[in-house]
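Examination of the molecular architecture
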Amino acid sequence: MTASVDDNPFYRELPDGTIKQTNPFSGVQVWPVPGRGARPLSRPIVGPRPLANADRVSACAFCADRVLETPPEKCRLVPDPFGDVRGSFRTLRHLPASELSASTAEFRRVPNLFEILTWQYWHDNHGVDLSAEARDWQESYLADQAGLSHVQRVLDAKFSAQGLSLRAAALNPAELRRESAPFFGGGHDVIIARRHYTDDAATTAGLAGSGQLSVAEHRAFIALTVSSTADLYAANPEARYVAVFQNWLEPAGASFDHLHKQLVAIDEIGASNEAALEKVNGDPYLFNRWGPDFAIDHHLMLAANDHAVAFVAFGHRYPSVAIWSTGRIDQPWEMADEEVDGLADLLHAIHVALGSDVACNEEWHHRPIGVGTAMPWHVVLKLRVSNPAGFEGGTKIYVNTISPASLCARLLPRLMEARNAGRIAEGIRLGEECEVGRGVIAAAR
């Protein structure tokens, strides 16, 4: 039986309206304080200027006309009504540099030029080397003059950013292979969307975030991210976890205001996973109790479909929405397409409701490879509407500007409007329509 608000050790509402929250899995303490919740969610761009045609394709290094500023593509999705990705897109893998301009990439998967865990880290600490497939791709790419020039250009940019005077043209063949190895077998990838601005934007305020994608485009974006996660696991047997996340806008840590996700293979499962798994080992029902069940009891349910649920979460540093898969499989690359699409559709709906001027982070969670304890696939969308400062640093108590109930009250009308306008997927139930029963997270039972 779920505890009431008054005797709940993790969620206590005080007489003045302050809600003292403790995350049941991480132990993070959060206090939404009355009087601070009237702050707006969005931060509109100040002084937007009219868009020039060049802005749409070359505003940043992730834009379509600047593909040679990123390392060689592992793959791209191109529009194709008979394609292999949800029937709308076709996957092109390992394109030569000379063919990059022959098609329009709706989404591109490229190595991150500045890896969190470098290729040298994996090579020196774990003895990881390029696979035969990656080695063949590297040799083929460097054997082509356009490919060689591309790799040299990107390496020069990397050397310059590192403060080195080294030039790629001065490297001998063995050195060039070593320095370019991260481009062909590294463990930190970026999934980049085509648009920097929406196709109909008139000013630089019209940024193209996740909510500005169509339902089909967002499904393809998620599907590519899921398959790329599986690829990183398969390519590196020393990887214990692949962290997946999205930083949208500068306050959320984005280097570019251009839609992209990141995937990072690491050799540990991470402290948050360890803490959650330790607690769940003693109580397999924990995910349900403090996830959807709690949301049902406290009227925080936002949306549901046949494969996932979305609700306002508690106990996070920032106001947050959680989207959980209700499937019995807890690693998304093993799921059926419709199960992945189900979570993608609810995540897309929340982004549509938020708009493109709300800074936020997506944090993906799945059961790590080699771990037997079930951990349902879920995404936590954190709204970066405040900046932790001295009080938070000194006390480790985070003051949220918006309570869970207030966030739910703000988002539900926007979701209703989006559904009425046909901007979100069909089959999404909202608010009280959800009729979600307790224990809905099958993988955690």
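This one's a predicted model, so the numbers in the text were calculated from it and none came from an experiment.

**Description of the overall build of the protein chain**
- Helix and strand counts for the protein chain come out as 12 helices and 16 strands.
- Scaling as 2.2 N^0.38, a compact globule of 445 residues should have a C-alpha radius of gyration of about 22 Å, and the protein chain matches this with 22 Å.
- Dimensions of the protein chain, computed from C-alpha atoms along their principal axes, come out at roughly 70 × 50 × 50 Å.
- As displayed, the protein chain has an accessible area near 19000 Å², and 50% of this comes from carbon and sulfur atoms.
- Side chains of the protein chain give 41 positive and 54 negative charges; the mean places of these two sets differ by 4 Å.

**As for the sheet that holds strand S11 (residues 308–313)**
- Strand order in the open sheet made by the 12 strands is S5-S4-S6-S7-S9-S8-S13-S14-S12-S11-S10-S16, with antiparallel pairing throughout. Taken across any chain shown, the strands that pair with only one partner, and hence form the sheet edges, are strand S5 (89–93) and strand S16 (429–430).
- Where strand S8 (residues 241–248) lies against strand S13 (residues 360–365), 4 bridges are found, and the strand directions are antiparallel. Counterpart to Phe245 in the pairing with S13 is Glu363.
- Across the sheet, helix H12 (residues 404–420) is in contact with strand S10 (301–304), S11, strand S12 (320–325), strand S14 (378–383) and S16; its angle to S10 comes to roughly 35°.

**What to know about the sheet that holds strand S15 (residues 397–400)**
- Spatially, S1-S2-S3-S15 is the arrangement adopted by the 4 strands of the open sheet, whose pairing is mixed. In the strand order of this sheet, the two ends are held by strand S1 (11–13) and S15, each with one partner. In this sheet, adjacent strand axes meet at a mean angle of 20° when their direction is disregarded.

**Focus on the nonpolar core**
- Leu302, Trp377 and Leu383 are the most contacted members of the largest nonpolar core, which totals 103 residues.
- No other element matches the 10 residues that helix H10 (residues 337–354) contributes to this core.
- Counting 20 residues, the second-largest nonpolar core is a separate cluster that includes Val67, Leu113, Phe159 and Leu176.

**Considering the pairing of S12**
- With 6 of its 6 residues buried, S12 lies for the most part within the structure.
- Of the two faces of S12, the one carrying Ser320, Ala322 and Trp324 and the one carrying Val321, Ile323 and Ser325 are both buried.
- Examined bridge by bridge, S11 and S12 share 6 bridges and lie antiparallel to one another. Among the inter-strand pairings, Val312 is bridged to a residue of S12, identified as Val321.
- Bridge analysis of S12 against S14 gives 5 bridges, and the strand direction is antiparallel. What sits directly across from Trp324, in S14, is His378.

**A look at the layout of surface pockets**
- Put simply, the largest pocket is a space of about 630 Å³.
- Lining the largest pocket are 28 residues, with Asn23, His316, Glu363, His365 and Lys382 positioned closest to its centre.
- Elements supplying a minimum of two residues to the lining of the largest pocket: helix H7 (271–282), helix H8 (286–290), S11, S12, S13 and S14.

**Topic: the packing of aromatic side chains**
- Taken as a whole and assessed by the stated rule, the structure comprises 18 aromatic pairs.
- Between Phe89 and Phe107, the aromatic rings sit 6.4 Å apart at their centres with planes inclined by 70°, giving edge-to-face as the arrangement. With a gap of 18 residues between them, Phe89 in strand S5 and Phe107 in strand S6 (residues 107–111) connect regions that are remote in the sequence. You'll find Phe89 and Phe107 in the same group, each marked buried.
- Pairing Trp137 with Tyr141 gives two aromatic rings, centres 6.5 Å apart and planes at 80°, and the pair type is edge-to-face. Residue Trp137 and its partner Tyr141 are located together in helix H3 (residues 132–143), separated by 4 residues, close to a single helical turn. Residue Trp137 shares its accessibility class with Tyr141, and that shared class is buried.
- One aromatic cluster is present, built from ring pairs that chain together Phe10, Tyr11, Trp290, Phe294 and Phe314.

**A word on the state of the cysteines**
- Counted by the stated rule, this structure contains 0 disulfides.
- Unpaired in terms of disulfides, Cys75 finds its nearest cysteine sulfur in Cys60, a separation of 19 Å.
- Unpaired in this structure, Cys434 has its nearest cysteine sulfur neighbour in Cys408, at a distance of 9.3 Å.
- Looking at Cys434, the relative accessible area reads 3%, which means it is buried.

Procedures and definitions
- Residues numbered from 1 in each chain as written.
- Predicted model: local features only at pLDDT ≥ 70, side-chain atom pairs only at ≥ 80, totals over all residues.
- Heavy atoms only, no water.
- Helix = DSSP H or I, 4+ residues; strand = E, 2+ residues; numbered from the N terminus.
- Rg over C-alpha atoms; globule rule 2.2 N^0.38 Å.
- Areas by Shrake-Rupley, 256 points an atom, 1.4 Å probe, with all protein chains shown as cover.
- Lys, Arg positive; Asp, Glu negative; His and termini not counted.
- Charge placed at Lys NZ, Arg CZ, Asp CG, Glu CD.
- Pairing = 2+ DSSP bridges.
- Contact = heavy atoms within 4.5 Å.
- Axes fitted to C-alpha atoms, helices over the stretch in contact; angles between N-to-C directions.
- Core = buried A, V, L, I, M, F, W, Y, C linked by side-chain atoms within 4.5 Å.
- Buried < 20%, exposed > 50% of the residue type's maximum accessible area, 1.4 Å probe, protein only.
- 1 Å grid on protein atoms, 1.4 Å probe; cavity = no way out; pocket = protein on both sides within 12 Å on 5 of 7 lines; lining within 4 Å.
- Points joined across faces, edges and corners; volume = space filled by probe spheres on them.
- Phe/Tyr/Trp six-rings, centres within 6.5 Å; stacked < 30°, edge-to-face > 60°.
- Disulfide = S-S within 2.5 Å.

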